[in-house]
Every structure is written in structure tokens, then in C-alpha cells.
Number of protein chains: 2
Amino acid sequence: MVANALKRGPELAAGAIRTKRKDRADRWPELVTAAAELFAEKGYEGTSLRDIAERLGMLKGSLYHYINGKSDLLVHVMREAHARGLRTIAAQAEGEGRAVSLLETMVEAHARYVCTETVFTAGFIEARKHLPPERAQEFVLEERAYRLRVEALVARGQAEGDLREDLDPKVAALCLLGFLNSLHNWVRPTGVHSIRRICDHAVALGIGGMRCR
Amino acid sequence: MVANALKRGPELAAGAIRTKRKDRADRWPELVTAAAELFAEKGYEGTSLRDIAERLGMLKGSLYHYINGKSDLLVHVMREAHARGLRTIAAQAEGEGRAVSLLETMVEAHARYVCTETVFTAGFIEARKHLPPERAQEFVLEERAYRLRVEALVARGQAEGDLREDLDPKVAALCLLGFLNSLHNWVRPTGVHSIRRICDHAVALGIGGMRCR
DNA sequence: ACCGTTACCAAACGATCGTTTGGTGCAACC
DNA sequence: GGTTGCACCAAACGATCGTTTGGTAACGGT
């Protein structure tokens, strides 16, 4: 390749305020966030590396300084989502007390996360859908553990006499989690309904139907 | 459109080893179905016209005999989904009786449709997401009307003393519909849980939480 | 038996995709 | 103050995208 060495235009944008050069520690979260936002907005395949790079003020080729390929972004969006959401929510399920009240705490935490971080949640769900099965292995255990925990709480709630015995804990858990993860589709953090009130509804509607009458 | 009044060729069924050349009336539903399936499977942007054509046994360029562009498929998947699902479900909300029992009938019908036609539902939701706003106009009225109908049923259920008064009908309706439309993510028509039982859960969980205690 | 239409093929178009390569300026360090 | 490494640019790569064009074989109506 011919060296285009000396021909650089001396243009640096006149009185530009010179900010410090960003290093990896600054750029990396920006990269993952931009990817999550764009995946949420336009879908994974609908988002080009040029889109992502543009949002960061660089060229698409430069992204390869941080990643090995586009699908790396899927993995890292998933990891960030797990770190931010799933683990902190699951932690709420620790503690003592009746299963149904633990379940309430958990549902409230889950709903709050989904409603406040709608774009990241949407980005996560989009990433989940396009993640090749081999690269999903690192997440399936954790996600299944979370689902099984909800299932177990439902079953314990039934044993403790708080929840209807005629429901299948597994089906109920799938319904509940599917419901919670659907909130991001219409909830807007700046919308007319307060997050607080929406979460109250989520708890009431998500768990109320399981209660004994 | 021209009336295809006096119909069919004289020799339809004779032996028929030789399959007749497919005409527009045969091909068109195949096209829309193939598009819906592939959109459900790989997403809109992840599906190429070559994918769709291949499933029909033709070349991608040939699709332009039926459509003017890729986005036409979004519209027609939506139309078919509305025709199959939304309208027949909404019809269940007619009739008399207490609001809550109408609501039950409606939820059951909605759940049943989503659970039996999972791929078409997924294709519809994918299409909905990528439909440009101008082309969505033809659907927004109908969809809003459906949502408002649910909302009104909830409000009437409250007035009739069957449903909790402390719930916002609008938020409750959005939660309920979001929940129902999320079922396709995990329900498999051939799965271990019968559709019948899943729909029972959907009704119990979807409406039970709204009931007065 | 002809004729026009229909359903599709075959081949190309420019645009854009993800990815690779080699080079460049800035900043920290000895 | 020269060296080294890092963050990023600039340009190209082949592949594939949606779309257009011109042609053709099979069919239905007369």
C-alpha cells in the first residue's frame, strides 16, 4: 500500500477546545451503552458498526481496537445487563419471611429495573435474541437459576397457603417473568405514569392473580 | 381489481400428477406466510429477500412481481395478523353480561390465538416494530380501539364492583395486553404444557390480580 | 391455432455491510 | 528528548443487500 504519509491536511478545527484524549476505561462503557441503545432502537441487524462508531465520534474500523467483531457487542451488552439487572434483582430474593413477600420484593425490584432502564432492557432482549447459542452458554445457567428461584418461591408460597394450589409454578413463573420483561415496550421513564405507580401495578397484577381467594 | 368471476379450468382434479402452475391466488398467501415465519425467526433486517424467495423456490428478483419493495411485506404481514387475530378476538368482546366475564372471554381468546399461532404472532410483533410510522397509520386506529375496549371493560368491571378500584384502567390494560403478547416468547404449540392449561393460567394471572379481594 | 398475459428467470446495478491493513499523532515514560 | 504504546484514521476488501431490467416459457381466452 502506498504511503499517504505527508499529505495530511493541516486542519484541526480552529479554536476547538481540546479535551483530554479518551482512554480505554472511558471508551469501553460508552461503547457498550451506545450498542445497547442502538440495538434497542433499530435492532441488532438494523444497526451498523458505522452507526455505533458515529455515536462515539469515530470511524467504524476503529471499533476493532475494542472488539473482534460485531457479535462481541451482543455478548458485552448481555454481560452488562446481567451485571446491572439480573444479579441485583436476584439478590432481593435472599432473606427470610414468607415466600409471597419475598416474591413481592423481587417483582418490585424487577419491575423497577425494567421501567427505569427501558432502553438497556430492550437492548438486552434484542441481544438475547441474536446471540448464537454457543456464546449464550455463559448466560443460560444464570438465567435458568433466576427462573427456578421464582418457580421455587411460587411453590413455597403454595405450600405456605398463600398462593393458589391449582397453578403450575413453572407456567406461572414463565408468565410472570414474561410479563415483567414486556413492560419496557410501553413504559417511558419520563411518561405520564410514575414509575412508582407502574411498579405497584406490576406487583398487584403479577402476583395478585396467584393469591388464594 | 378484476372480478375472477367465472372460474376454474375444466380439468382440475384429473389424476393431477402434473401440478398446475401456481397463480397469484396460490402464491400470495405463501409469500406472506413465509415472510412472517422468517421475520419471526431472524428478524426483519436479518431476513433477506433471497431467504424468502428460496423458501418459495424462486429467485429474489421474482418477488418484485408481487411486491414493490421489501417493506411491503411488513404491511401485508401486519394486515394478515390483524385479519386473523385482532378482529376475531375483538369480536369476543361483544355481547352482554358483566364486564369481568367479557374480559375473561377476551383474554382467553387472545391467549389462545397467541399460543396457537406463535410464529405468526412473533412475525407480527417484529413487523410492527419495523413498520415506518407513515405505513403504520392504517393500523394504529384499530389497535388503539382494541386497547381502549379493554380499558373500558376494566373500568366497567370496577364500576360493577368486581375489580379493584385502586387500579388505573389504562395501566392495567397495557400490562394485560403486554403480558398476553409476551406469551409467544416461550409457549410452543407442541410443548409439554397444553394450550388449554396455559390459557387457563393466562386468564387467572391476567385478570385475577385485578379482582377485589 | 393464435395471442396476450402471467409467473418467473438471469444478470446486472450501486450501495452498504463487516472486516482487514497500514499508517499517524498524542501522551506518558525513561 | 528520544522511544514506546495507545487511540484512532484512511482506505480498501469481498460479500451481500435491495432493486431494476429485459427476456421467456407456459398458460387461459378466443
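Residues numbered from 1 in each chain as written. Chains lettered and ligands numbered in written order. Predicted model: local features only at pLDDT ≥ 70, side-chain atom pairs only at ≥ 80, totals over all residues. Heavy atoms only, no water.

### Brief notes about the overall build of chain A
Counting its regular elements, chain A contains eight helices and zero strands. Listed by position from the N terminus, the elements making up chain A come as α-α-α-α-α-α-α-α. Rg of the C-alpha trace for chain A: 22 Å, well past the compact-globule value of 17 Å for 213 residues, more than 25% over. Once the C-alpha set of chain A is aligned to its principal axes, its extents read approximately 80 × 40 × 30 Å. (Helix = DSSP H or I, 4+ residues; strand = E, 2+ residues; numbered from the N terminus. Rg over C-alpha atoms; globule rule 2.2 N^0.38 Å.)

### Focus on empty space enclosed by the protein
Considering all chains together, one arrives at three cavities of 30 Å³ or more under this definition. Looking at the largest cavity, it is lined by 13 residues, and the ones nearest its centre are F179(A), L205(A), F179(B), L205(B) and G206(B). Classifying every residue of the lining of the largest cavity by side-chain character gives 11 nonpolar, two polar and no charged. (1 Å grid on protein atoms, 1.4 Å probe; cavity = no way out; pocket = protein on both sides within 12 Å on 5 of 7 lines; lining within 4 Å. Points joined across faces, edges and corners; volume = space filled by probe spheres on them. Nonpolar A, V, L, I, M, F, W, Y, C, P; charged D, E, K, R; others polar.)

### So, the nonpolar core
I52(A), L183(A), I52(B) and L183(B) are the most contacted members of the largest nonpolar core, which has 140 residues in total. Those residues in contact with L183(B) that lie beyond four places of it in its chain are C175(A), A111(B), V114(B), C115(B) and A202(B). (Core = buried A, V, L, I, M, F, W, Y, C linked by side-chain atoms within 4.5 Å. Buried < 20%, exposed > 50% of the residue type's maximum accessible area, 1.4 Å probe, protein only. Contact = heavy atoms within 4.5 Å.)

### Quick look at the interface of chain B and chain A
Tallying the contact residues gives 30 residues for chain B and 30 residues for chain A. In total, about 2600 Å² of surface goes out of reach between chain B and chain A, with carbon and sulfur atoms giving 66% of it. Run the count over chain B and chain A and you get zero salt bridges. Run the count over chain B and chain A and you get six residue pairs in polar contact (both at pLDDT 80 or more). For the side of chain B that touches chain A, the secondary-structure elements that each account for two or more residues are α5 (118-130), α7 (169-180) and α8 (195-208) of chain B. When residues of the side of chain B that touches chain A are assigned to their parent elements, the largest contribution, seven residues, is made by α7(B). Here the residues of the side of chain B that touches chain A are counted per class, giving 12 nonpolar, eight polar and 10 charged. (Buried area = accessible area lost by both parts, 1.4 Å probe. Salt bridge = Lys/Arg side-chain N within 4 Å of Asp/Glu carboxyl O. Polar contact = N/O pair within 3.5 Å; in protein donor to acceptor, adjacent residues only side chain to side chain.)

### Here's the deal with the relation of the copies chain B and chain A
The transform that puts chain B on chain A rotates by 180 degrees and translates by 0.0 Å along the axis, for an RMSD of 0.1 Å. Seen this way, the second copy is the image of the first under a two-fold rotation axis. Interface residue correspondence from chain B to chain A reaches 100%, placing this contact among same-surface, isologous pairings. (Least-squares fit on C-alpha atoms with pLDDT ≥ 70 in both.)

### Some points on the UniProt feature "domain: HTH tetR-type" (unreviewed entry) in chain A
Feature annotation in UniProt places "domain: HTH tetR-type" (unreviewed entry) on residues 25-85 of chain A, given in this structure's numbering. Note that residues 25-85 of chain A is 69% helix and 0% strand, and that its end C-alpha atoms are spaced 21 Å apart. (UniProt positions renumbered as here; feature names shortened; annotations may be inferred.)

### What about the packing of helix α1 (residues 24-42) of chain A against helix α3 (residues 70-91) of chain A?
Residue and element names in this part refer to chain A. Two elements in contact, α1 and α3, have axes whose closest approach is 9 Å; the angle formed by their N-to-C orientations is 95 degrees. Relative to α3, the element α1 is oriented roughly perpendicular. Of the residues in α3, those touching α1 at W28, L31, V32, T33, A35, A36 and F39 are L73, L74, H76, V77, E80 and R84. Looking at the contact of α1 with α3 residue by residue, the classes come out as nine nonpolar, two polar and two charged. (Axes fitted to C-alpha atoms, helices over the stretch in contact; angles between N-to-C directions. Parallel < 35°, antiparallel > 145°, perpendicular 65-115°, else oblique.)

### Details of the packing of aromatic side chains
Counted under the stated rule, the structure contains two aromatic pairs over all chains. Between F39(A) and Y44(A) the ring centres are 5.2 Å apart and the planes differ by 80 degrees, which places this aromatic pair in the edge-to-face class. Take F39(A) and Y44(A): they sit in the same class, and that class is buried. It is R84(A) that lies over the ring of F120(A); its NZ or CZ is 4.1 Å from the centre. The ring of Y44(B) carries the charged tip of K70(B) above its face, separated from the ring centre by 4.3 Å. (Phe/Tyr/Trp six-rings, centres within 6.5 Å; stacked < 30°, edge-to-face > 60°. Lys NZ or Arg CZ within 6 Å of the ring centre and 35° of its normal.)

### A closer look at helix α2 (residues 49-56) of chain B
Three- or four-residue spacings in an α-helix give side chains the same orientation, since the helix completes a turn every 3.6 residues. All names here are of chain B. Taken as a whole, α2 has its buried residues at L49, D51, I52, A53 and L56. Elements in contact with the buried residues of α2: α1 (24-42) and α3 (70-91). Looking at the residues trailing α2, positive phi occurs at G57, about 75 degrees.

### Some remarks on the pattern of salt bridges
Proximity of charged atoms lets side chains of opposite charge pair with each other. Residue and element names in this part refer to chain A. Scanning all chains against the criterion turns up 38 salt bridges over all chains. Here R135 makes a salt bridge to D72, at a shortest N to O gap of 3.1 Å. Taken together, the residues R135 in helix α6 (residues 133-159) and D72 in helix α3 connect sequence positions 63 residues apart. Among the residues examined, D72 registers a relative accessible area of 12% and is labelled buried. In this structure, the salt-bridge partner of E160 is R156, at a minimum N-O distance of 3.2 Å. Of the residues examined, R156 reaches a relative accessible area of 34% and is grouped as partly exposed. Through salt bridges with shared partners, one network takes in E108, R112, R196 and D200.

### Describing the side chain of D51(A)
Residues and elements named next belong to chain A. As for its placement among the helices and strands, D51 is situated in helix α2 (residues 49-56). Among the residues examined, D51 registers a relative accessible area of 16% and is labelled buried. Discounting chain neighbours no more than four positions away, the residues touching D51 are L38, K42 and G46.

### Looking at the environment of I207(A)
Residue and element names in this part refer to chain A. Looking at the secondary structure, you find I207 in helix α8 (residues 195-208). Distance in space between the C-alpha atoms of I207 and P169 is 12 Å, their sequence separation being 38 residues. When near neighbours in sequence (up to four residues on either side) are disregarded, I207 contacts V100, L103, E104, V107 and A202.

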